[in-house]
Amino acid sequence: MGKPAIWQILVQCPITQARCGQLHTPHGTVDTPKFMPVGTLANVKTLTPDQVRSTGAQMILANTYHLHLQPGEEIVAAAGGLHRFMGWDQPILTDSGGFQVFSLSDIRAISDRGVVFLSPVSGDRIELTPEKSMQIQNQLGADVIMALDECPPYPASYQQIQQASDRTTRWLERCITAHQRPEQLLFGIVQGGVYPELRSQSAQELVQFDLPGYAIGGVSVGEPGDLISKIVCHTAPLLPQHKPRYLMGVGTKREMAQAVAAGIDLFDCVIPTRLARHGTALVGDRRYNLKNAQFRRDFSPLDPDCPCYTCRHFSRAYISHLVRSQEILGYTLLAIHNITELVRFTQSMAQAIKAGSFAQEFAQYLV
């Protein structure tokens, strides 16, 4: 018998490019489309692995740069790898550190060789090259690993974006050469900013490497939402139909629905946990700030139709009390609900695709 397929499409929408699929990894299968919670430092903030699992999440993210700083990939490897270290036995994806090229631009210098950061902890010089990123991610042992890329800001000039895209391709070649663990699926990242021709060029170059999967990066870095949709709708069809497609750093319902309609399979974003730490709940298409006085005597659940632990056991009034008191439990309960909300949204899109009704059921988000 041959090797089982890493990726398979189960159902496709007859009207849009939306599809249901399965990504098979050494630590289990991910049903797509699916939202993935962010666990930068080997934990989804304020939640235990069991609590994350209860949300319906199947795959989480961790970050190469931050885990390199603390505790260090050697310690994670000595513990048996990231899954064992953090007590999460389902799939994990590690970012390459490329986003920190964007987010930490005030403490880094970039060249063709790689990126040099000044450690925010010690002030030491930290060099992250494509080879180093692969070495760290090989030691961490995630199921999906990302090639090091240059994520440019918005706005940036055409020349700056072209330089970043070209460098991303050159870095990908070095990542492929340095990658030592074939069971870890290496995804390349399409760059090109808001320029369709640069996106086309980047996608064309990356597809030549025949990687296990592809991501669209360099979005949600300050550009308006309509531009994000335009970039995704242009880029997704350029990527192989028979490979998984991952849109990095996007997690609003409208953005995810539009991306699914364009043929995207995976998403990640810090939105649900970050909002939770600010006392905000995602309920339908609304955001409720539980610090507001209106919730102090509201004894209904956050969402009567939500099956999460928070909504089954606690009232808005109780969560409001916890948030006002700055009790950690309040942030935990909101994080459980918010992640469940976004995971359920992607699951509902999958159900609609299977039923052949995606374009109709999600029409409000697709305009």
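An account of the accompanying structure is given in this report. (Residues numbered from 1 in each chain as written. Predicted model: local features only at pLDDT ≥ 70, side-chain atom pairs only at ≥ 80, totals over all residues. Heavy atoms only, no water.)

### Quick word on the sheet that holds strand β13 (residues 245-247)
Keep this limit in mind: Note on pairing: DSSP must find at least two bridges between two strands before they are called paired. For the purposes of this entry, the term helix denotes a DSSP run of H or I that reaches at least four residues, the term strand denotes a run of E that reaches at least two, and both are numbered from the N terminus. As a rule, the C-alpha atoms of each element are fitted with a line to give its axis, helices using only the stretch in contact, and angles between N-to-C directions run from 0 to 180 degrees. Whether two residues are in contact is decided by their heavy atoms, any of which lying within 4.5 Å being enough.
Strand order in the open sheet made by the eight strands is β4-β14-β13-β12-β11-β10-β6-β5, with parallel pairing throughout. With partners counted over all chains shown, the strands left at the sheet margins are β4 (34-37) and β5 (60-63), one partner each. Neighbour-to-neighbour, the strand axes of this sheet turn through a mean angle of 25°, independent of strand direction. Docked against the sheet, helix α6 (residues 130-140) engages β6 (92-95), β10 (144-146) and β11 (185-190), running at close to 165° with respect to β10. The sheet strands contacting helix α10 (residues 253-262) are β4, β13 and β14 (266-269), and the helix crosses β14 at an angle near 160°.

### Structural notes on empty space enclosed by the protein
If you roll a probe as big as a water molecule over the atoms, it shows you where there is empty space left. Here is the rule: Cavities and pockets are defined on a 1 Å grid built over the protein atoms alone: a cavity is a set of grid points where a 1.4 Å probe fits but cannot escape, while a pocket is an open set with protein on both sides within 12 Å along at least five of seven lines, and lining residues are those with an atom within 4 Å of any such point. Grid points are joined across faces, edges and corners, and a volume is the space filled by probe spheres set on the points. Under the scheme applied, nonpolar residues are Ala, Val, Leu, Ile, Met, Phe, Trp, Tyr, Cys and Pro; charged residues are Asp, Glu, Lys and Arg; polar residues are all the others, including Gly.
Applying the stated criterion across every chain yields a total of three cavities of 30 Å³ or more. Around the largest cavity, the lining residues are Pro152, Pro153, Tyr154, Ala156, Ile161, Gly193, Val194, Tyr195, Gly218, Val221 and Glu223. In terms of residue class, the lining of the largest cavity is built from eight nonpolar, two polar and one charged.

### A short note on the side chain of serine 165
Basically, it comes down to this: N or O atoms closer than or at 3.5 Å make up a polar contact, with two conditions inside protein: a donor-capable atom paired with an acceptor-capable one, and, for residues adjacent in sequence, both atoms drawn from side chains.
Relative to the assigned elements, serine 165 resides in helix α7 (residues 158-178). Among the polar contacts listed, one links the side chain of serine 165 to the backbone nitrogen of glycine 192, at a separation of 3.1 Å. Sequence-distant contacts of serine 165, defined by excluding residues within four places in its chain, comprise Gln191 and Gly192.

### Here's the deal with the packing of aromatic side chains
Applied cut-off: Any two rings among Phe, Tyr and Trp, with Trp reduced to its six-membered ring, count as a pair given centres within 6.5 Å; such a pair is stacked if its planes are under 30 degrees apart, edge-to-face if over 60, and tilted if neither. Buried means the residue's accessible area, taken with a 1.4 Å probe over protein chains only, is under 20% of the maximum for its type, while exposed means over 50%, and partly exposed covers the values in between.
Within the structure shown, the criterion is met by ten aromatic pairs. Ring geometry for tyrosine 288 versus phenylalanine 295: centroids 5.5 Å apart, planes at 45°, classification tilted. Each member of the pair, tyrosine 288 together with phenylalanine 295, is buried. Here phenylalanine 314 and tyrosine 318 contribute two aromatic rings whose centre-to-centre distance is 5.4 Å and whose plane-to-plane angle is 20°, an arrangement assigned as stacked. Grouping aromatic residues by their ring pairs yields a cluster made of Phe345, Phe358, Phe362 and Tyr365.

### Notes on helix α8 (residues 196-207)
This is how it is decided: Between the first and last residue of a helix there are one fewer steps than residues, each counted as 1.5 Å, and that sum is the expected span. When we speak of the arc, we mean the arc of directions from the helix axis to the C-beta atoms.
Between its first and last C-alpha atoms α8 spans 16 Å; for twelve residues at 1.5 Å apiece the expected length is 16 Å, and the two agree. Those residues of α8 lying buried are Leu198, Arg199, Ser202, Ala203 and Leu206. Down the axis of α8, the sector holding all buried residues measures 130°, keeping them to one side. Looking at the buried positions of α8, the neighbouring elements they touch are α7, β11, β12 (213-216) and α9 (225-235).

No statement about biological role is implied by the geometric values presented.
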